[in-house]
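# Topology and contacts: notes
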Amino acid sequence: MASTRASLSDLGSGRTAFSVVVLVTLGLAAFFGVVVLQPALIGGLVGEETGGHISLHFRDPHHRIHDLTFAFLLGTAVVGMLAQLRTPSKNVAGQVMALIPLVGLVLAAALTNTAVLQIPWVVLGASTLLASTLHPARPGLFRSLSVSRVDRVMLALVLMAAMPLLAFAFTNIALQRAGPSDHAALGHYGFLAAFGFTVIGVGVLASLRPHGWRLTAWVAGCLPALLGVASVVVPDVDSSLGLGWALAAIAWGVVFVAAAERASRRSENTQIVDVPPDRGSTIGVPGSAYVVGIAVIALVLVFVLQHLIGGGLGGMHTPPAP
């Protein structure tokens with residue numbers, strides 16, 4: 001009896017620690033968002049040069065695609081962590097998804113240079129990794145990643161997109177390594193390489209259909225579609241996809257999400273259920289997780305459209321005359 005009480009106590013404290021880390025991670029993400037929205041608030045703390053650089057984010061058309069790509073990467077991690085706010089044992093896929101863009105950024109930095117290292121993703125990466133080690137589903141966090149659950153149509157779509165995505169990634173790796181340019185100096189080409197790796201990783205994750213996989217499928221489809229939309233709206237900006245590739249990216253995203261929804265309905269019809277690794281009596285994924293994730297995706301879409309059509313956050317930043 002005493003050992004049982006001790007185990008329950010340890011389990012409760014572990015879940016509390018996990019919840020705290022998730023909230024801290026989301027708080028840090030919100031903080032970095034405020035920094036971008038209101039750089040003047042911290043300009044005096046970090047110095048004039050750093051504050052001036054921050055003030056250009058999402059305001060300089062020259063870096064528009066790069067800024068959006070970095071936001072998509074961190075947004076993927078944030079959506080995955082948001083899904084952990086309630087019943088994380090049913091949303092294992094979200095926790096794994098949160099790690100994928102961070103792995104992509106680490107890989108891009110390893111293949112290029114340290115210019116890709118940025119404070120936001122280093123800080124959020126560390127807290128996301130810590131949350132993964134504290135996840136209630138551990139040590140079975142990856143247990144539901146089973147080939148037996150794979151959806152062949154979704155996986156085929158990912159494999160179809162893998163070649164152009166890898167070509168896109170390694171082209172930007174070469175640009176990042178070559179330099180010199182302001183884009184390479186700021187690590188922007190490395191972000192694009194990480195984006196290619198992330199789309200493949202999240203797509204494969206969704207195809208394996210772990211617990212809570214539908215949200216990851218929507219993210220996997222939205223990522224290339226968002227980049228395609230941005231490229232159509234601002235075709236002359238550096239790193240913008242050509243019109244053909246932009247339309248192909250949008251079409252692939254739509255088809256992938258449609259295939260995921262078809263797979264979900266087929267699973268329901270054949271009574272294939274997601275059983276959480278630590279709560280076998282609980283079935284399915286709560287609608288609240290999808291509501292939260294889709295709400296975040298909708299906010300990202302609104303932000304992207306406002307950014308592309310309205311000229312960014314407050315318009316083009318004009319530095320003061322010397």
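Summary of the structure given here. All values derive from a computational prediction rather than experimental measurement.

## A closer look at the overall build of the chain
Within the chain one finds 12 helices and zero strands. Mapped from its N terminus to its C terminus, the chain presents α and β elements in the order α-α-α-α-α-α-α-α-α-α-α-α. Of all 322 residues assigned to the chain, the portion counted as buried reaches 50%. Sequence separation of at least 24 residues holds for 79% of the intrachain contacts in the chain that already meet a minimum separation of 6. Only carbon and sulfur atoms are counted for the fraction: they give 70% of the accessible area of the chain, which is about 15,100 Å².

## Some details on the packing of aromatic side chains
Per the counting criterion, the structure on display carries five aromatic pairs. Measuring from centroid to centroid gives 6.4 Å for F72 and F195, while their planes differ by 50°, and the two rings are tilted. Of the two residues, F72 sits in helix α4 (residues 64–82) while F195 sits in helix α9 (residues 188–208), which places them 123 residues apart along the sequence. Using a relative accessible area of 5% as the deciding quantity, one classes F72 as buried.

## Thoughts on the nonpolar core
Counting 64 residues, the largest nonpolar core has I65, L105, M154, F195, A217, W252 and F256 as the members making the most contacts within it. Counting residues per element, the ones that place at least two in this core are α1 (2–37), α4, α5 (92–111), α6 (119–134), α7 (152–178), α9, α10 (213–233) and α11 (243–269). In this structure, I65 is in contact with L192, L227, A230, S231, V234, V237, D238, S239 and S240, ignoring residues within four places of it in sequence. Within the second largest apolar cluster, nine residues are counted, among which are L26, A77, A98 and A131.

## Digging into the environment of Q176
Relative to the elements of secondary structure, Q176 occurs in helix α7. When sequence neighbours within four positions are dropped, the list of residues in contact with Q176 reads T112, N113, A115, V116, H183, A184, G187, H188, Y189 and G190. In terms of polar contacts, Q176 uses its side chain to reach the backbone carbonyl oxygen of A184, at 2.7 Å.

## Some thoughts on α5
A rise of 1.5 Å per residue sets the reference length of α5, with its 20 residues, at 28 Å; its end C-alpha atoms lie 29 Å apart and thus fit the reference within 8%. Among the 20 residues that make up α5, 15 are buried, leaving the element largely enclosed by the rest of the structure.

Scoring rules and cut-offs
- Residues numbered from 1 in each chain as written.
- Predicted model: local features only at pLDDT ≥ 70, side-chain atom pairs only at ≥ 80, totals over all residues.
- Heavy atoms only, no water.
- Helix = DSSP H or I, 4+ residues; strand = E, 2+ residues; numbered from the N terminus.
- Buried < 20%, exposed > 50% of the residue type's maximum accessible area, 1.4 Å probe, protein only.
- Contact = heavy atoms within 4.5 Å.
- Areas by Shrake-Rupley, 256 points an atom, 1.4 Å probe, with all protein chains shown as cover.
- Phe/Tyr/Trp six-rings, centres within 6.5 Å; stacked < 30°, edge-to-face > 60°.
- Core = buried A, V, L, I, M, F, W, Y, C linked by side-chain atoms within 4.5 Å.
- Polar contact = N/O pair within 3.5 Å; in protein donor to acceptor, adjacent residues only side chain to side chain.
- Expected span 1.5 Å × (residues − 1).

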